[in-house]
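In case you want the letters, here they are:
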Amino acid sequence: MQLNQFLEDFSKVEGAKILVHGGGRGASEQLKRMGIEPKMIDGRRITDAETLEVVVGFYAGVTNKSIVSSLQKLGVNAMGISGSDGNAISGVKRPVKTVDFGFVGDLHENSVNGKLFQILLKNELIPVVCAITHDGNGQLLNTNADTIASAIAKELAKIKEWNVELYFCFDKNGVMKDVNDESSLISEIDFEFYQELKADGIINEGMIPKLDNAFEVIKSGVKSVYIKHASNVNMEIGTKLI
Ligand SMILES: Nc1ncnc2c1ncn2[C@@H]1O[C@H](COP(=O)(O)OP(=O)(O)O)[C@@H](O)[C@H]1O
Ligand SMILES: CC(=O)N[C@@H](CCC(=O)OP(=O)(O)O)C(=O)O
């Protein structure tokens, strides 16, 4: 199974590391099985109270704990957390403008508890973070996993001695000139090239928020950012942001 291969590769990554996971596709399948039609707008899930209950169970429960136990089997002392555990990631409920996203959490400058991640990493505990945050007022929120990963990378990049690298892993080799042709992989992309490809419609859908996040991260002191296939974590294949 692809996830197992990814976790095996992740277990071989040297040094301090953090895994942030989503699970959006599985959550949508579970919602459908329960007779709830998943709703996404601009790549973000409309999260009403019923949906929140399902995604908290799915992301922070079965998905997070399964990943942690697989990593334990591989000799990685993983520790699963949601944003409310140790106040790891706090967010604010997305304000209602044209769309009411419900219990979706946006992050802000002080969202990431950098101290907590330092304590865990310095004690050789490997954080496995799911896509659930909290508002500090008892409310859990659903937050996109790429957004959480970006915020953690930016916060930890403030520590001068740390060389933070961020890998966005998904189901393709990277950013491509033709989504259906793996050989059209773009090995390096700068912001200008991204704008051109976006205007031409070559980059679309879920890749737009991913790259918007990624370019923000590269500006913030994170040493390098890659977009890669989850099967190529330890290989050179992928798109590097420059
Ligand atoms: N130029 C492109 N190169 C690669 N993927 C692209 C491109 N344009 C759009 N995409 C789409 O973006 C998707 C990745 O975004 P998303 O589905 O949000 O990722 P995730 O799997 O992390 O949730 C890919 O599955 C692909 O269909
Ligand atoms: C607000 C919002 O959209 N949250 C995401 C969180 C999971 C996620 O990010 O999963 P992927 O990385 O697999 O897309 C969702 O519920 O789909």
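Residues numbered from 1 in each chain as written. Chains lettered and ligands numbered in written order. Predicted model: local features only at pLDDT ≥ 70, side-chain atom pairs only at ≥ 80, totals over all residues. Heavy atoms only, no water.

J.: How should the domain arrangement of the protein be read in this particular structure?
T.: In many reports, interface size means the accessible area that the parts give up when they come together. When the domains of the protein are assigned, the result is domain 1 (1-162) and domain 2 (163-242). Each of domain 1 and domain 2 was reduced to a C-alpha centroid, and the two centroids are 20 Å apart. Contacts between the two partners involve 17 residues from domain 1, matched on the other side by 19 residues from domain 2. Summing the contributions of domain 1 and of domain 2, the shared interface buries around 1500 Å²; its carbon and sulfur component is 57%. The largest contributions to the domain 1 side of the interface with domain 2 come from Phe6, Asp146 and Lys154, which together make up 31% of the buried area. For the pair domain 1 and domain 2, the number of links is three salt bridges. Inspection of the domain 1/domain 2 interface yields four residue pairs in polar contact (both at pLDDT 80 or more). Every element with two or more residues in the side of domain 1 that touches domain 2 is listed here: helix H1 (2-12) and helix H5 (145-156). Top contributing element to the side of domain 1 that touches domain 2 by residue count: H5, with seven residues. (Domains from an automatic or database assignment. Contact = heavy atoms within 4.5 Å. Buried area = accessible area lost by both parts, 1.4 Å probe. Salt bridge = Lys/Arg side-chain N within 4 Å of Asp/Glu carboxyl O. Polar contact = N/O pair within 3.5 Å; in protein donor to acceptor, adjacent residues only side chain to side chain. Helix = DSSP H or I, 4+ residues; strand = E, 2+ residues; numbered from the N terminus.)

J.: Teacher, can you tell me more about a negative patch on the surface here?
T.: Judged by side-chain charge, Asp190, Glu192, Glu196 and Asp200 come together as a negatively charged surface patch. Mapping Glu196 onto the fold places it in helix H6 (residues 191-199). Assessed through its relative accessible area of 46%, Glu196 is described here as partly exposed. (Patch = residues over 30% accessible without salt bridge, like charges linked within 9 Å, V, L, I, M, F, W, Y side chains within 5 Å. Areas by Shrake-Rupley, 256 points an atom, 1.4 Å probe, with all protein chains shown as cover. Lys, Arg positive; Asp, Glu negative; His and termini not counted. Charge placed at Lys NZ, Arg CZ, Asp CG, Glu CD. Buried < 20%, exposed > 50% of the residue type's maximum accessible area, 1.4 Å probe, protein only.)

J.: I keep staring at the sheet that holds strand S1 (residues 19-20) and nothing clicks. Help me out?
T.: Backbone hydrogen bonds are what pair the strands of a sheet, in a parallel or an antiparallel way. Judged by pairing direction, the sheet is parallel, and its three strands sit side by side in the order S1-S7-S4 without closing on themselves. Edge positions in the sheet fall to S1 and strand S4 (78-81), since each of these pairs with one other strand and no more. Sheet topology places S1 next to strand S7 (residues 126-129); two bridges connect them, and they run parallel. The partner of Leu19 across the bridge, within S7, is Val128. Of the strands in this sheet, S1, S4 and S7 touch helix H3 (residues 49-73), which is tilted by about 175° from S4. (Pairing = 2+ DSSP bridges. Axes fitted to C-alpha atoms, helices over the stretch in contact; angles between N-to-C directions.)

J.: Just checking my understanding: could you explain the sheet that holds strand S10 (residues 165-170) for this structure?
T.: The four strands are arranged S10-S12-S13-S11 in an open sheet whose pairing can be described as mixed. Across the chains shown, the open sheet's two edge strands, defined by having one partner strand only, are S10 and strand S11 (188-189). Pairing of S10 with strand S12 (residues 224-229) involves six bridges; the strand directions are parallel. Opposite Glu165, over in S12, you have Ser224 as the bridge partner.

J.: Sorry, what's going on with the site of ligand 2 here?
T.: Taken together, 13 residues sit near ligand 2, with Gly24, Arg45, Tyr59, Asn142 and Ala145 positioned nearest. Measuring from an oxygen atom of ligand 2, one finds a side-chain N or O atom of Asn142 at 3.0 Å. Between an oxygen atom of ligand 2 and a main-chain N or O atom of Ala145, the distance comes to 2.9 Å. With the chains in place, 82% of the 430 Å² that ligand 2 exposes on its own is no longer accessible. For the shell around ligand 2, the class distribution of residues is four nonpolar, seven polar and two charged. (Near = heavy atom within 4 Å. Nonpolar A, V, L, I, M, F, W, Y, C, P; charged D, E, K, R; others polar.)

J.: Please explain the nonpolar core as it appears in this structure.
T.: Across soluble globular proteins, you tend to see nonpolar side chains buried next to one another. Grouped together as the largest cluster of nonpolar side chains are 36 residues, with contacts concentrated most on Phe117, Ile189, Leu211 and Ile227. Residue assignment for this core shows that the elements contributing at least two residues are helix H4 (114-122), H5, S10, H6, helix H7 (207-218) and S12. In terms of residue count, H5 provides more of this core than any other element does, six residues in total. Built from parts of two domains, this core gets at least three residues from each of domain 1 (1-162) and domain 2 (163-242). (Core = buried A, V, L, I, M, F, W, Y, C linked by side-chain atoms within 4.5 Å.)

J.: What should I look at first to understand the packing of H5 against H7 in this one?
T.: The description of two packed helices rests on the angle between their axes and on the distance between the axes. Closest axis-to-axis distance for the H5/H7 pair is 10 Å, and the angle between their directions is 5°. Considered as vectors, H5 and H7 are oriented roughly parallel to each other. For the pair H5 and H7, the contacting residues are Asp146, Thr147, Ser150, Ala153 and Lys154 in the first and Lys210, Asn213, Glu216 and Val217 in the second. Grouping the amino acids of the contact of H5 with H7 by side-chain chemistry returns two nonpolar, three polar and four charged. (Parallel < 35°, antiparallel > 145°, perpendicular 65-115°, else oblique.)

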